[in-house]
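Descriptive analysis of the structure
So you can see what is in the structure, the chains are spelled out below.
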Amino acid sequence: MNQHLMADIKRTAASADKIGAIVEFDQVAKSYGAVCALQPTTFQVGAGEFFAVIGPSGSGKSTLLGIVAGFVPPTAGAIRVNGTDVVSLAPYKRNFGMVFQNYALFPHMTVAENIAFPLRMRGVSKADTAERVRRMLGMVRLANYGERRPMELSGGQQQRVALARAAVYDPLLLLMDEPLGALDKNLREEMQEEIKKFQAALGATVIYVTHDQHEAAFMADRIAIMRNGRLEQAAAPRELYERPLTPFVASFLGEATLLPVKEILSQKGEEVVVKTDSGLKICATVRSIAQAGSSICIRPENVVLGAASKCANSFSGVIEEVLYTTGSIRYRVRLADTQTLLTARIPSHPDIALLAHGERVEVGWRRQDALLVSGD
């Protein structure tokens, strides 16, 4: 039966317009006794899509990836690859490539032998194996490294070998579990570009688990944000950042000031006026029916310091904290009337004078830059 399932998957993949697989999660859930690790989850990953899964520790992202790979049996639900449910297939029969954080390279094998290993296990001919290994070495820019051992390579080079090994047999799907977690910051950023280019060249579908929000936003076509075993929101990075559905999504992907709403004063279409718990009257934007118990989300780059009277929302405040970071200046402003603490971030420039701690300042933002998001 499993052989027939694999044949169905391969036939469907061969007829697809894109190389990558279409992956459908249908009410996939996982419990360990009374503990729910993954609540019923439904979404789809498109052919050739780079799909990232992020969330805090214990959010269910690793459980989700383990279920896809076949290492963790689901309690309920189906996972369809190009229309065929693969839940009953053993991991080695799913034909998915896997890239781990620790690379998992064989130290006694050369680079070429490591990349060739999956082909040997599949009984691919020596001539075909040699050609595929040569092609993959070129794709990961290691054409002259085939005879070296993993210990003779840098961390970034070892990660490229792991990528090549995972993709050498043209898998339907590439699964990546924190693949850059062991690298330093500069190398991580370099490898993010490498992986993105590699995926584009392959046309493969990728499901990529990471704890790094910036990494996910840079690399992914879409991101799923997990929390307490539940999918909070899945969308393109810009949509998640500019239109979060919940306060958790707003605060997890990027920095935000969240002001709890006590009362809805008026609503006309997407324009709403609210009163916050701290007593602020704020003009904001909403995509649905406004309700108390929601929060106002304000991104720090949308906050104007000085000349704020032209904004729909304008208040007086005192600079409580000044933090210089590469390329920007971050201010924490306490609003005078309500003691609300607001974060503002402006680009750094030699001609811009730093505001001082304790300095009074006008602060404001536009209506469209204050988004009303529903409660959790």
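Below is a short write-up of the structure. (Residues numbered from 1 in each chain as written. Predicted model: local features only at pLDDT ≥ 70, side-chain atom pairs only at ≥ 80, totals over all residues. Heavy atoms only, no water.)

1. Section: the overall build of the protein chain
In plain terms, the rule: The helix count covers DSSP runs of H or I at least four residues long, the strand count covers runs of E at least two residues long, and both are numbered beginning at the N terminus. Accessibility here uses a 1.4 Å probe with only protein chains present; expressed as a share of the type maximum, an area under 20% marks a residue as buried, one over 50% as exposed, and anything in between as partly exposed. Contacts: residue pairs with any heavy atoms within 4.5 Å of one another. Residue exposure ignores everything except the shown protein chains as possible cover, and the areas themselves are Shrake-Rupley values with a 1.4 Å probe. None of His or the chain ends enter the tally, which takes Lys and Arg as positive and Asp and Glu as negative. By convention, the point assigned to a charge is CZ for Arg, NZ for Lys, CD for Glu and CG for Asp.
If you tally the helices and strands in the protein chain, you get 9 helices and 20 strands. Relative to its full complement of 376 residues, the protein chain shows a buried share of 48%. A separation threshold of at least 6 residues defines the contact pool for the protein chain, and within that pool the share at least 24 residues apart is 68%. On the protein chain, roughly 17700 Å² of surface is accessible, and the fraction owed to carbon and sulfur atoms is 52%. For the protein chain, the centre of its 42 positive side-chain charges and the centre of its 39 negative side-chain charges are spaced 3 Å apart.

2. Thoughts on the nonpolar core
A general feature of soluble globular proteins is that nonpolar side chains tend to end up buried together. Which entries qualify depends on this criterion: Residues belong to a common nonpolar core when they are buried Ala, Val, Leu, Ile, Met, Phe, Trp, Tyr or Cys residues joined through side-chain atoms within 4.5 Å.
Membership of the largest hydrophobic core comes to 47 residues, with the highest contact counts inside it found for Ile 115, Leu 174, Met 176, Ile 195, Tyr 208, Ile 223 and Ile 225. In terms of residue count, the dominant contributor to this core is helix H5 (residues 155-167) (6 residues). Every residue in contact with Ile 225, bar those within four places of it in the chain, is listed here: Ile 54, Arg 230, Leu 231, Glu 232, Gln 233, Leu 240, Phe 248, Val 249, Phe 252 and Leu 253. Within the second largest apolar cluster, 29 residues are counted, among which are Val 86, Leu 175, Val 209 and Met 226.

3. Some details on the pattern of salt bridges
Selection criterion: When a carboxyl oxygen of Asp or Glu is within 4 Å of a side-chain nitrogen of Lys or Arg, the pair counts as a salt bridge.
Evaluation of the coordinates by the stated rule reveals 18 salt bridges. With a closest N to O distance of 2.9 Å, Asp 26 and Arg 80 form a salt bridge. Placement of Asp 26 in strand S1 (residues 23-32) and of Arg 80 in strand S4 (residues 76-81) is noted, with a sequence separation of 54 residues between them. The partner of Glu 321 in a salt bridge is Arg 330, with the nearest N and O atoms 3.1 Å apart. By sharing partners, the salt bridges in this structure join Glu 255, Glu 301, Glu 321, Arg 330 and Arg 345 into a single network.

4. Description of the packing of aromatic side chains
Short version of the rule: Only Phe, Tyr and Trp rings are paired, with Trp represented by its six-membered ring, and only when their centres lie within 6.5 Å; those with planes under 30 degrees apart are stacked, over 60 edge-to-face, the remainder tilted. Only when the NZ atom of a Lys or the CZ atom of an Arg is both within 6 Å of the ring centre and within 35 degrees of the ring normal do we say a charge sits over the ring.
One pass over the full model with this rule turns up 6 aromatic pairs. Arranged with centres 5.5 Å apart and planes meeting at 35°, the rings of Phe 315 and Trp 365 form a pair that is tilted. Taken together, the residues span a long stretch of sequence, with Phe 315 in strand S16 (residues 313-325) and Trp 365 in strand S19 (residues 360-365) at a distance of 50 residues. In this structure an aromatic cluster arises from ring pairing among Phe 25, Phe 43 and Phe 51. Just above the ring of Tyr 169 sits the side chain of Arg 122; from NZ or CZ to the centre is 3.7 Å.

5. Quick word on the packing of helix H3 (residues 111-121) against H5
Applicable threshold: Lines fitted to C-alpha atoms define the axes here, with helix axes fitted over just the stretch in contact, and angles between the N-to-C directions of these axes take values from 0 to 180 degrees. Working definition: roughly parallel below 35 degrees, roughly antiparallel above 145 degrees, roughly perpendicular at 65 to 115 degrees, and oblique for all remaining angles. When the near helix sits turned anticlockwise from the far one by under a right angle, the crossing is termed left-handed; a clockwise turn instead gives a right-handed crossing. Here the nonpolar group is Ala, Val, Leu, Ile, Met, Phe, Trp, Tyr, Cys and Pro; Asp, Glu, Lys and Arg are the charged ones; every other residue, Gly included, is treated as polar.
Two numbers describe how H3 lies on H5: the axes approach to 7 Å, and their chain directions differ by 30°. Relative to H5, H3 is oriented roughly parallel. As H3 packs across H5, the resulting crossing turns out to be right-handed. On the side of H3, the interface is formed by Val 111, Asn 114, Ile 115 and Pro 118, while H5 contributes Val 161, Ala 164 and Arg 165. The residue inventory of the contact of H3 with H5, partitioned by class, reads 5 nonpolar, 1 polar and 1 charged.

6. Things to note about H3
Listing the buried residues of H3 in full gives Val 111, Ala 112, Asn 114, Ile 115, Ala 116, Pro 118 and Leu 119. On the buried face of H3, the contacting elements are helix H4 (126-139) and H5. Looking at the residues trailing H3, positive phi occurs at Gly 123, about 70°.

7. Quick look at the sheet that holds strand S15 (residues 304-305)
The condition that has to hold: A pair of strands is considered paired only if DSSP assigns at least 2 bridges between the two.
Here 5 strands make up an open sheet; going across it, the order is S15-S19-S16-S17-S18 and the pairing antiparallel. Where the open sheet ends on each side, the last strands, each with one partner, are S15 and strand S18 (341-347). Relative to S18, strand S17 (residues 328-335) is paired through 7 bridges, and the arrangement is antiparallel. Opposite Ile 329, over in S18, you have Ile 346 as the bridge partner.

8. Some thoughts on the environment of Glu 193
Inspection of the secondary structure puts Glu 193 in helix H6 (residues 185-202). Glu 193 gets classed as partly exposed once you look at its relative accessible area, which sits at 41%. For the pair Glu 193 and Met 219, spaced 26 residues apart in sequence, the C-alpha to C-alpha distance is 7.7 Å.

9. Let's talk about the sheet that holds strand S3 (residues 50-54)
Overall, mixed pairing links the 6 strands, which are arranged S6-S7-S8-S3-S9-S10 in an open sheet. A single partner strand is all that each edge strand has here, and the edge strands are strand S6 (96-99) and strand S10 (230-235). Here the average twist between neighbouring strands, direction ignored, is 15°. Across 4 bridges, S6 lies against strand S7 (residues 173-177) in parallel orientation. In the strand pairing of S7, Gly 97 is matched with Leu 174. Helix-sheet contacts for H6 involve S3, S7 and strand S8 (205-209), and the interaxial angle to S3 is about 140°.

10. Concerning the pairing of S3
The element S3 is largely enclosed, with a buried count of 5 among its 5 residues. Going residue by residue along S3, you find Phe 50, Ala 52 and Ile 54 tucked away on one face and Phe 51 and Val 53 tucked away on the opposite face as well. Sheet topology note: the S3/S8 ladder contains 4 bridges and is parallel. Bridging from a neighbouring strand, Val 53 pairs with Val 209 of S8.

11. Let's talk about the side chain of Lys 30
With respect to the helices and strands, Lys 30 occurs in strand S1. Of the buried charged residues, Lys 30 lacks a salt bridge, with Asp 85 as the closest side chain of opposite charge at 15 Å. With sequence-adjacent residues up to four places away left out, Lys 30 is seen in contact with Val 35, Cys 36, Ala 37, Leu 38, Thr 63, Ile 67, Val 72, Pro 73, Pro 74 and Thr 75.

By themselves these figures say nothing about function.
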